[in-house]
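# Residue-level structural notes
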Amino acid sequence: YQRRVHGQNPKYVKMWQRNCMFWNKDLIIRSSYGLEHLRIEMKGKEIDEEWICGCVDSNRLKEALNAIRSDPAKKSLVQMAEKRLKLLVIGPTESEKKKAEELRLKGNEHVRMEDYKTAMGYYTESIKLNPTEAGTFGNRALTYQRTGDAKRALQDAKATVFLNKDFARGYQRLAEAYMLGKNYQKAYASLKAMLKKDPGSKPGNALMADVRKAALDSGVMLHEARADKEVAELLAGRFSDEDGPEPMEDVKAPSDPSNAAEVERFFRPYNQLREEARDLHKSGKFDLAIDIYKRAFSMLERMEKSRGGLPREEFERREALLNSNIAVCFKQKQEPSEVIAYSSKVIDSPAASSDMKLKAYILRAYAYESIDKIRQAKMDWLSVKELQPGNLDASRALGRIASALHEDAAQKLSLIHICRCRRIERCRSRWSPYH
């Protein structure tokens, strides 16, 4: 059997599933046909009715059943676990599925009415009849979230993902449960997994921005490498128990500020954030890129407090660079007022290089032109010509502005002439002897 099952033969896999219920009950039966199961230790966890009703992994349930079978006081739990195991291994009957679906729909109606306690009861009854439906666990996770029960919401969200790894909403429920428990690293990884399944999800992208902001406000560093590893685990249906939030690492000032390698090591967390934002910018995710750039600002402020002998100019130059990057993102989003605000910060910065200022003047000039502030745009283009006399964009823009100003002046003169002529006509008609 084991050799045939290991070869992934569907016929023998099904046969193994049906027959494993009647093997020696004292053995801890583990699947050998590739079923990914949760890596959660049973030690220290109380096995009760709620745990059995929430368990969706037959392997974990078999281990629990083996642990409580010898206890006479838990005879009712053993019977419940055996019934649950049969449902998980063999599956519910058609009548049970139909009844479970009716209960689920009733629960949905109560969720729309914001009656979460009643909806929770319907979902629980539905799960008892059909514990293999991922959507019901996801819905019950939502009711737990709305009532503030982070622990149960997380348990149901994990069950949702475990039952259907292609269900993008399951990863959203998992992220929301982690958010409720203030575990932003896990929430971030869950959302990355969701966006792999559904890249264009608006709720997913909006929740990702909320997670980044909440992590920034709480002083939590989101690690990309760790998140990628967690995403791979999630997509395989595995969950780790390291659910604690991870604060930002303390950074130590370089002992020798003239040592370029030490300075680079000191600014490495900042550089990692900036690289992440640049990747998001290149992929067209401008809102997320702006959010990461702002996180880098906060990190620089925190690092400056422990800068030691590093000169203030090192931080001012990096702040100017971040302002320039944010201005470029807002230009792509076509928000000229924000472009003007961030470009002005670069221009006013004493640590900004001439190249940074040149780029900032160009961005601000285009922004001024887009909102018809021609004279301010002309002043910026003249500044560009001073910094780079051979700049073709500035030459073309100044010619364009000169034509616009000439047309504007001619139009104003024409209007003045028309108004004057009308005034003269009124005066003549008023003093005419025939009037």
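Going by the structure above, here's the rest.
Procedures and definitions
- Residues numbered from 1 in each chain as written.
- Predicted model: local features only at pLDDT ≥ 70, side-chain atom pairs only at ≥ 80, totals over all residues.
- Heavy atoms only, no water.
- Helix = DSSP H or I, 4+ residues; strand = E, 2+ residues; numbered from the N terminus.
- Buried < 20%, exposed > 50% of the residue type's maximum accessible area, 1.4 Å probe, protein only.
- Contact = heavy atoms within 4.5 Å.
- Areas by Shrake-Rupley, 256 points an atom, 1.4 Å probe, with all protein chains shown as cover.
- Salt bridge = Lys/Arg side-chain N within 4 Å of Asp/Glu carboxyl O.
- Phe/Tyr/Trp six-rings, centres within 6.5 Å; stacked < 30°, edge-to-face > 60°.
- Polar contact = N/O pair within 3.5 Å; in protein donor to acceptor, adjacent residues only side chain to side chain.
- Core = buried A, V, L, I, M, F, W, Y, C linked by side-chain atoms within 4.5 Å.
- Lys, Arg positive; Asp, Glu negative; His and termini not counted.
- Expected span 1.5 Å × (residues − 1).
- Axes fitted to C-alpha atoms, helices over the stretch in contact; angles between N-to-C directions.
- Parallel < 35°, antiparallel > 145°, perpendicular 65-115°, else oblique.
- Left-handed = near helix turned anticlockwise from the far one by under 90°.
- Nonpolar A, V, L, I, M, F, W, Y, C, P; charged D, E, K, R; others polar.

### Focus on the overall build of the protein chain
Helix and strand counts for the protein chain stand at 21 helices and 0 strands. In the protein chain, which comprises 435 residues, the share counted as buried stands at 45%. Long-range contacts, defined here as pairs at least 24 residues apart, represent 60% of the contacts in the protein chain between residues at least 6 apart. For the protein chain, the accessible area works out to roughly 24400 Å², and carbon and sulfur atoms hold 51% of it.

### A few points about unusual backbone geometry
One non-glycine residue, Glu 114, lies in positive phi territory at about 65°. Secondary-structure assignment places Glu 114 in the loop between helix 6 (94-112) and helix 7 (116-129). You can call Glu 114 exposed: its relative accessible area is 59%. A positive phi angle, near 65°, is found at Asp 372, a position not held by glycine. With respect to the secondary-structure elements, Asp 372 resides in the loop between helix 19 (354-370) and helix 20 (374-387).

### So, the pattern of salt bridges
Opposite charge on two side chains permits them to pair, given that their charged atoms come into close proximity. This model, assessed by the stated rule, comprises 18 salt bridges. As a salt-bridge pair, Arg 278 and Glu 275 come within 3.2 Å of each other at their nearest N and O atoms. Placement of the pair is Arg 278 and Glu 275 together in helix 15 (residues 268-282), with a separation of 3 residues, close to one helical turn. Here Glu 275 falls in the partly exposed class, since its relative accessible area comes to 38%. One salt bridge in this structure joins Arg 318 and Glu 314, with 2.7 Å as the shortest N-O distance. Remark: Glu 314 and Arg 318 occur in helix 17 (residues 312-332); sequence separation between them is 4 residues, near one turn of the helix. Glu 314 sits in the partly exposed class, given a relative accessible area of 21%. The structure contains a network of salt bridges with shared partners spanning Asp 287, Lys 333 and Glu 335.

### Structural notes on the packing of aromatic side chains
To describe a pair of aromatic rings, you give the distance between the ring centres and the angle between the ring planes. Enumeration over the complete set of coordinates arrives at 3 aromatic pairs. With a centroid separation of 5.0 Å and an interplanar angle of 90°, the aromatic rings of Tyr 366 and Trp 381 are classed as edge-to-face. Taken as a pair, Tyr 366 in helix 19 and Trp 381 in helix 20 lie far apart in primary sequence, 15 residues in all. Judged by relative accessible area, Tyr 366 falls into the partly exposed class, the value being 33%. For Trp 381, a relative accessible area of 0% gives the class buried.

### As for the environment of Phe 267
As for its position among the elements, Phe 267 is in the loop between helix 14 (260-266) and helix 15. Phe 267 sits 33 residues away from Leu 300 along the chain, and the two C-alpha atoms are 8.6 Å apart. The residues touching Phe 267, leaving out its near neighbours within four places in the chain, are Leu 300, Met 303, Leu 310, Glu 314, Phe 315 and Arg 318.

### Concerning the environment of Arg 400
By the secondary structure assignment, Arg 400 is in helix 21 (residues 392-431). Classification of Arg 400 as partly exposed rests on a relative accessible area of 40%. Taking the C-alpha atoms as reference points, Arg 400 and Lys 378, separated by 22 residues in sequence, lie 9.8 Å from one another. In this structure Arg 400 touches Tyr 366 and Glu 369, once residues within four positions along its chain are discounted. Reaching out from Arg 400, the side chain makes a polar contact with the side chain of Glu 369 at a distance of 3.0 Å.

### Topic: the nonpolar core
Ranked by internal contacts, the top residues of the largest apolar core, which has 87 residues, are Leu 174, Tyr 184, Phe 267, Tyr 270 and Trp 381. Ranked by the residues each element gives to this core, the list is headed by helix 16 (residues 286-304), at 10 residues. Core analysis: the second largest hydrophobic core is formed by 14 residues, Cys 55, Ala 64, Leu 65 and Ile 68 among them.

### Describing the side chain of Asp 291
Along the polypeptide, Asp 291 turns up in helix 16. The buried charged residue Asp 291 lacks any salt bridge, with Arg 212 as its nearest oppositely charged partner at 4.4 Å.

### Section: helix 10 (residues 168-180)
Counting along an α-helix, one turn takes 3.6 residues, and residues three or four places apart therefore face a common direction. Here helix 10 contains 13 residues, and its C-alpha end-to-end distance of 19 Å stays within 8% of the 18 Å for a straight helix at 1.5 Å per residue. Counting buried positions over the 13 residues of helix 10 gives 10, a clear majority of the element. Buried residues of helix 10: Ala 168, Gly 170, Tyr 171, Gln 172, Arg 173, Leu 174, Ala 175, Ala 177, Tyr 178 and Met 179, and no others. Taken together, the buried residues of helix 10 touch helix 8 (134-146), helix 9 (150-163), helix 11 (184-197), helix 12 (202-218) and helix 13 (224-235). At the C-terminal side of helix 10, Lys 182 shows a positive phi close to 60°.

### Points about the packing of helix 6 against helix 8
Relative to each other, helix 6 and helix 8 sit at 30°, their axes nearing to 11 Å. Here helix 6 lies roughly parallel to helix 8, going by the angle between them. The interaxial crossing formed by helix 6 with helix 8 has left-handed handedness. Residues Arg 104, Asn 108 and Val 111 of helix 6 pack against Thr 136, Asn 139, Leu 142 and Thr 143 of helix 8. In terms of residue class, the contact of helix 6 with helix 8 is built from 2 nonpolar, 4 polar and 1 charged.

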